[in-house]
Amino acid sequence: MPRPEQMNLWDLSDLCTPWCVHVAVTLRIAEHLAAGTAQIGELAAAAGADRDALHRVLRHLVGKGVFEEPAPGRFQLNEPARLLLDPAARLGLDLDGFGGRMAHAWGGLLTAVRTGKAAYHTVFGRPFWEDLAVHPRIGADFDALMGPAGHGQPDPEVLVGGGWDGVRSVVDVGGGTGALLAAVLRARPAARGILVDLPATVARSAEGFQAAGVADRVTVVGQSFFDPLPAGADLYLLKSVLADWPDPEAVAILRRCAEAARPAGRVVLVNGVSPDEDGGPSPDLLMLVLVGGKQRSLSEFRELARAAGLEVTAAARQPSGRFVVECRTVG
């Protein structure tokens, strides 16, 4: 690793390459190349782009190791470029979709650092969640990115203490389109599940539950998780939810889970918390810019849990590498 004095500040601050990657994904350059379109003129026509401008973008990327130009004006895929064919790359980098929201949101970083709060609204005119609600296609992209397409197949082994004995009902709180709940129910044929998320999101869940063969064991509830949750279940899951929110809102979500889980239910978090021995949570500045959220250390999370009427009873990594925290209600 180079010493600090050897680092090139201009390379670190260069925005050209990231934006060129975004443009290549948005114009589906990798897909066109994979289909056999290789000459720059044909590529520009297929992508609906200016020939000279696209040529300059691709030559820049070739110089950075993405794509190859074996002959002047003729391009081909290499291993880094093939990564752009992954559906997750399209979801995360396409400037015409949710990827554009994430890219342009960085323009609010200075405001976020000055205020300590989300700055998404300063770029797009609305807070993050409201913007997704107003633009259903962008919201659908976000749901897809949060699901298997962006995060891989979920690991249904979400318990790290106490085991599955007695777990007959599972509520997935803020569970998106239900990928994790479907995996849990598929692995536990005796269990039933409830998916809780906003109405537009849960409306996109039916296909996944049908494909998993669990649709007859799922109830879908379209609501905010800031409202009272379905009560009396054995297990309440929160996957990649708390990191989307500042501390007061995170406590409010946990409190709703604790209220619903009493007297004997468990609350399990997957993602968003890291072990204390890891040296602190990831800075995750994108979460700050988008929603004012953050990753938390296990010690920080314990304080939030206590404020919500929960006690951490177990914490460990899944084989997948995700960190899981298990809680029970107190008082």
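Below or above, wherever it landed, is the structure these notes cover.

So, how was this worked out
- Here, residues in each chain are numbered from 1, in the same order as that chain's written sequence.
- Where totals are concerned, whole chains, interfaces and linings use all residues; where local detail is concerned, this predicted model gives features only for residues with pLDDT of at least 70, and gives and counts side-chain atom pairs only at 80 or more.
- Side-chain metrics rest on all non-hydrogen atoms present in the structure, leaving aside hydrogens and water.
- Nine residue types can take part in a nonpolar core, namely buried Ala, Val, Leu, Ile, Met, Phe, Trp, Tyr and Cys, and a core is a set of them joined through side-chain atoms within 4.5 Å.
- Think of it in three bands: with a 1.4 Å probe and only protein chains considered, a residue is buried below 20% of the maximum accessible area for its type, exposed above 50%, and partly exposed in between.
- Under the scheme used here, helices are H or I runs from DSSP no shorter than 4 residues and strands are E runs no shorter than 2 residues, and both carry numbers assigned from the N terminus.
- Whether two residues are in contact is decided by their heavy atoms: any pair within 4.5 Å suffices.
- The arc refers to the directions leading from the helix axis to the C-beta atoms.
- When DSSP finds two or more bridges between a pair of strands, those strands are recorded as paired.
- Axis definition: a line fitted to C-alpha atoms, over the contacting stretch in the case of helices. Angles run 0 to 180 degrees between N-to-C directions.
- Like-charged residues within 9 Å of one another, or nonpolar side chains (Val, Leu, Ile, Met, Phe, Trp, Tyr) within 5 Å, are grouped into patches, provided each residue has over 30% relative accessible area and no salt bridge.
- Every accessible area reported is derived by Shrake-Rupley at a probe size of 1.4 Å, with residue values counting cover from the shown protein chains alone.
- The salt bridge definition used is simple: a Lys or Arg side-chain nitrogen within 4 Å of an Asp or Glu carboxyl oxygen.
- Here the positive residues are Lys and Arg and the negative ones are Asp and Glu; neither His nor the chain ends is included.
- The atoms used to mark charge sites are NZ of Lys, CZ of Arg, CG of Asp and CD of Glu.
- Pairs of N or O atoms within 3.5 Å make up the polar contacts considered here, provided that, within protein, one atom can donate a hydrogen while the other can accept it, and that residues adjacent in sequence are counted only when both atoms are side-chain atoms.
- Angles below 35 degrees are treated as roughly parallel, those above 145 as roughly antiparallel, those between 65 and 115 as roughly perpendicular, and all remaining angles as oblique.
- Asp, Glu, Lys and Arg are counted as charged, while Ala, Val, Leu, Ile, Met, Phe, Trp, Tyr, Cys and Pro are counted as nonpolar; the rest, among them Gly, fall into the polar class.
- Handedness of a crossover: with both strands directed away from the viewer, a clockwise path from the first strand across the helix to the second marks it as right-handed.

## Side note on the nonpolar core
Across soluble globular proteins, nonpolar side chains have a tendency to be buried as a group.
So, point 1. Counting 32 residues, the largest nonpolar core has Leu-238, Leu-254, Val-267, Leu-269, Phe-301 and Val-325 as the members making the most contacts within it.
So, point 2. Of all the elements in the fold, those that place two or more residues in this core are strand 3 (169–173), strand 6 (235–239), helix 17 (247–261), strand 7 (266–270), helix 19 (298–307), strand 10 (310–317) and strand 11 (323–329).
So, point 3. In terms of residue count, the dominant contributor to this core is helix 17 (eight residues).
So, point 4. Setting aside residues no more than four positions away along its own chain, Phe-301 makes contact with Leu-242, Leu-254, Leu-269, Val-273, Arg-296, Val-312, Val-325 and Cys-327.

## Some words on the environment of Asp-52
So, point 1. Note on placement: Asp-52 falls in helix 5 (residues 51–63).
So, point 2. Classification of Asp-52 by relative accessible area gives partly exposed; the value is 44%.
So, point 3. It is 8.8 Å that separates the C-alpha atoms of Asp-52 and Gly-41, two residues lying 11 residues apart in sequence.

## Details of helix 19
So, point 1. Leu-298, Phe-301, Leu-304 and Ala-305 are the residues of helix 19 that are buried. End-on view of helix 19: buried residues confined to an arc of 115°, all on one side of the axis. Away from the buried face of helix 19 by more than 90 degrees, exposed residues Glu-303 and Arg-306 are located.
So, point 2. Against helix 17, strand 7, strand 8 (273–274), strand 9 (296–297), strand 10 and strand 11 lie the buried residues of helix 19.
So, point 3. Positive phi appears at Gly-309, one or two residues downstream of helix 19, with a value of about 85°.

## Brief notes about the sheet that holds strand 7
So, point 1. The strand order across the open sheet formed by seven strands is 5-4-3-6-7-11-10, and the pairing between neighbours is mixed. Looking at the sheet topology across the chains shown, the edges are occupied by strand 5 (218–222) and strand 10. Going across the sheet, the axis of each strand differs from the next one's by a mean of 20°, ignoring polarity.
So, point 2. Bridge count for strand 4 (residues 192–197) against strand 5 is five bridges, and the pairing is parallel. Bridged to Ile-194 within strand 5 is Thr-219.
So, point 3. Along the sheet, helix 14 (residues 179–187) makes contact with strand 3, strand 4, strand 5 and strand 6, crossing strand 4 at roughly 175°.
So, point 4. Along the sheet, helix 19 makes contact with strand 7, strand 10 and strand 11, crossing strand 10 at roughly 150°.

## Examining a negative patch on the surface
So, point 1. A cluster of like negative charges, contributed by Asp-276, Glu-277, Glu-300 and Glu-303, occupies part of the molecular surface.
So, point 2. Along the chain, the position of Glu-277 falls in the loop between strand 8 and helix 18 (285–291).
So, point 3. Residue class for Glu-277 comes out exposed when judged on its relative accessible area of 68%.

## Remarks on the side chain of Thr-201
So, point 1. Here Thr-201 is to be found in helix 15 (residues 199–202).
So, point 2. There is a polar contact of 3.3 Å between the side chain of Thr-201 and the side chain of Asp-143.

## Considering unusual backbone geometry
So, point 1. A cis amide bond, omega 5°, links Arg-262 with the succeeding residue Pro-263.
So, point 2. On the secondary structure map, Pro-263 appears in the loop between helix 17 and strand 7.
So, point 3. With phi around 60°, Arg-28 is a residue other than glycine that occupies positive phi space.
So, point 4. By the secondary structure assignment, Arg-28 is in the loop between helix 2 (16–26) and helix 3 (29–34).
So, point 5. In this structure, Phe-67 takes a positive phi of about 75° despite not being glycine.

## Some details on the packing of helix 8 (residues 98–105) against helix 12 (residues 136–146)
For any two helices packed against each other, one specifies the crossing angle of their axes together with the interaxial distance.
So, point 1. Direction vectors running N to C along helix 8 and helix 12 enclose 90°, while the axes themselves pass 8 Å from each other. As far as their axial angle goes, helix 12 and helix 8 are roughly perpendicular. Here Phe-98, Arg-101 and Met-102 of helix 8 come into contact with helix 12, specifically with Ile-138, Asp-141, Phe-142 and Leu-145.
So, point 2. Here the contact of helix 8 with helix 12 is built from residues that sort into five nonpolar, no polar and two charged.

## Some words on the pairing of strand 3
So, point 1. The element strand 3 is extensively covered by neighbouring structure, given that four of its five residues are classed as buried.
So, point 2. Bridge analysis of strand 3 against strand 4 gives five bridges, and the strand direction is parallel. Bridge pairing in strand 4 places Val-173 opposite Val-196.
So, point 3. The handedness of the strand 3 to strand 4 crossover, carried by helix 14, is right-handed.
So, point 4. With three bridges joining them, strand 3 and strand 6 adopt parallel strand pairing. For Asp-172, the partnering residue across the bridge sits in strand 6 and is Leu-237.

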